[in-house]
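Structure at a glance
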Amino acid sequence: MLNFIESQFMKNNQSKQLYFYSVGLSYKKADAEIRGKFSLDSAAKTRLLKQAKQEGIEGLIVTSTCNRTEIYGFAEHPFQLIKLICEHSQGTVEGFQEFGFIYKGQEAINHIFQVGTGLDSQILGDFEIISQLKLSFAESRKLGLINTYLDRLINAVIQASKKIKTDTEISSGATSVSFASVQYIIKNVDDIGNKNILLFGTGKIGRNTCENLVKHTKNEQITLINRTKDKAEKLAGKLNLIVKDYAELHLELQKADVVVVATGAQNPTIDKAILNLKKPILILDLSIPKNVHENVTDLEGVTLIHMDHLSQMTDDTLERRKQHIPAAEAIIEDFKMEFNIWMNGRKHAPTIHALKAKLNDIVENELTYQRKKLPNFDEEQAELISARIIQKITNHFASHLKDENTSVDESIEFIEKVFQIGNQLPVKKTSEIEEKYKITLS
């Protein structure tokens, strides 16, 4: 299937025309198991970015969280981006076809705004994604994969996220998987302050969950285990908690009443073989891919909850948060409009530069003719007047293209046709975004 799609891509894309895409998959169509197959750890993301750079992709951001794995970037065909995801994860093209999505142009812009502002999150209003987007943005920038377009777009998303968080109450209540998990524990475990809690994994979700456990349960019997012990010790020192070696995991599981698993392992690290239970136990698996094998439910007294279950539960604040969606969307529309106005200005820049160059050529030819014809030709005055006329003409065209009622693509096509500049757009005099992406938002 991979070779077939690639051959179709090569056959149908000879124009080298680039478009802005968002491709990936999320909790909306893919369950935790499928998301796990397409997940990318930090090393895989770095390898993906480096391969994209080698393949000549000039603008790309990749993010992989518990809820989604997505790429935002420029390509001739979305297969170029889908291929990157599949080659660096355990996912397949067939799996992507079934569970993935492809957004292009304005749809891709809409999607990244929805994601970055928490409106597309598994738990409405979850703003953890914006920090993950910032990290992805920073890594892409280090590798030279952030062009002018992506720089402007991501910053617009960040600003929209900030304004929504400060101007609406859409982030009230349980707005993250980590906080929702703590709420679930509090509601379903009696006398939680005196229970033994084991947290396995101290990545971002693990850290956030741990901080929420300490804050909301007042429990002083929380034990941390991490494969890299010093990371657990750093968190434990901050919160005054206990740290145990990874080798003691099976012993700590026997003592625990509640276990929260939030590791980054690619395969399950807890199964029924490691559990030697002496009392009932609640296990919350917040990992992608899943780190707790489903066979633990074969044992009596085990309750297993995955993050997908948490997101399906309604809490007292959900309806209140939903009421703020229209206000959040209005803020997004404002930032999108500003971005598109900027983009339209960038779109027509190559045409204006080419028009100006064409007019200068016309003037130079005429001046050359007049120099030969007129003995007392005032060259300095003629050049000054010509330059002012050219500037006035190009300003008129630029104003027309900036007008919000103007069909930019049609006007650009008309100008290029009339002045015969379609194949003469300057390359070195304009930026990459002006030259290459002038028609990518259609």
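Throughout what follows, the structure given in this document is the object of discussion. (Residues numbered from 1 in each chain as written. Predicted model: local features only at pLDDT ≥ 70, side-chain atom pairs only at ≥ 80, totals over all residues. Heavy atoms only, no water.)

Section: the overall build of the protein chain
When helices and strands are counted, the protein chain shows 18 helices and ten strands. Relative to its full complement of 442 residues, the protein chain shows a buried share of 51%. Long-range pairs, those at least 24 residues apart, make up 75% of the contacts in the protein chain with a sequence separation of at least 6. Counting every atom, the protein chain has about 22000 Å² of accessible surface; 49% of that belongs to carbon and sulfur. (Helix = DSSP H or I, 4+ residues; strand = E, 2+ residues; numbered from the N terminus. Buried < 20%, exposed > 50% of the residue type's maximum accessible area, 1.4 Å probe, protein only. Contact = heavy atoms within 4.5 Å. Areas by Shrake-Rupley, 256 points an atom, 1.4 Å probe, with all protein chains shown as cover.)

Brief notes about the sheet that holds strand S1 (residues 19–26)
Backbone hydrogen bonds are what pair the strands of a sheet, in a parallel or an antiparallel way. Pairing in this open sheet of four strands is antiparallel, and the strands run S2-S3-S1-S4 from one edge to the other. In this open sheet, the two edge strands, each paired with only one partner strand, are strand S2 (60–64) and strand S4 (101–104). Sheet twist, expressed as the average angle between the axes of neighbouring strands with direction ignored, equals 15°. As paired elements, S1 and strand S3 (residues 68–75) share eight bridges and run antiparallel to each other. (Pairing = 2+ DSSP bridges. Axes fitted to C-alpha atoms, helices over the stretch in contact; angles between N-to-C directions.)

Things to note about empty space enclosed by the protein
Scanning all chains against the criterion turns up one cavity of 30 Å³ or more. Thr65, Cys66, Asn67, Arg68, Ser121, Asp126, Glu128, Ile129, Gln132 and Ile205 are the residues that line the largest cavity. Looking at the lining of the largest cavity, the element that brings in the most residues is helix H7 (residues 128–142), giving three residues. A breakdown of the residues in the lining of the largest cavity according to their chemical character gives three nonpolar, four polar and three charged. (1 Å grid on protein atoms, 1.4 Å probe; cavity = no way out; pocket = protein on both sides within 12 Å on 5 of 7 lines; lining within 4 Å. Points joined across faces, edges and corners; volume = space filled by probe spheres on them. Nonpolar A, V, L, I, M, F, W, Y, C, P; charged D, E, K, R; others polar.)

Let's talk about the pattern of salt bridges
Scanning the model with the defined rule gives 17 salt bridges in all. A salt bridge links Glu294 to Lys290, with the shortest nitrogen-to-oxygen separation between them at 3.2 Å. The partly exposed category is assigned to Glu294, whose relative accessible area is 45%. For Arg371, the salt bridge goes to Glu379, with nearest N and O atoms at 3.0 Å. Overall, Arg371 belongs to the partly exposed group, its relative accessible area being 28%. (Salt bridge = Lys/Arg side-chain N within 4 Å of Asp/Glu carboxyl O.)

Some thoughts on a positive patch on the surface
On the surface, a cluster of positive charge is contributed by Lys204, Arg207, Lys231 and Lys234. If you list the elements that add at least two residues to the positive patch, you get helix H10 (204–217) and helix H11 (229–239). Here Lys204 lies in helix H10. A residue is classified by how much of its surface remains accessible, and Lys204, at 32% relative accessible area, is partly exposed. (Patch = residues over 30% accessible without salt bridge, like charges linked within 9 Å, V, L, I, M, F, W, Y side chains within 5 Å. Lys, Arg positive; Asp, Glu negative; His and termini not counted. Charge placed at Lys NZ, Arg CZ, Asp CG, Glu CD.)

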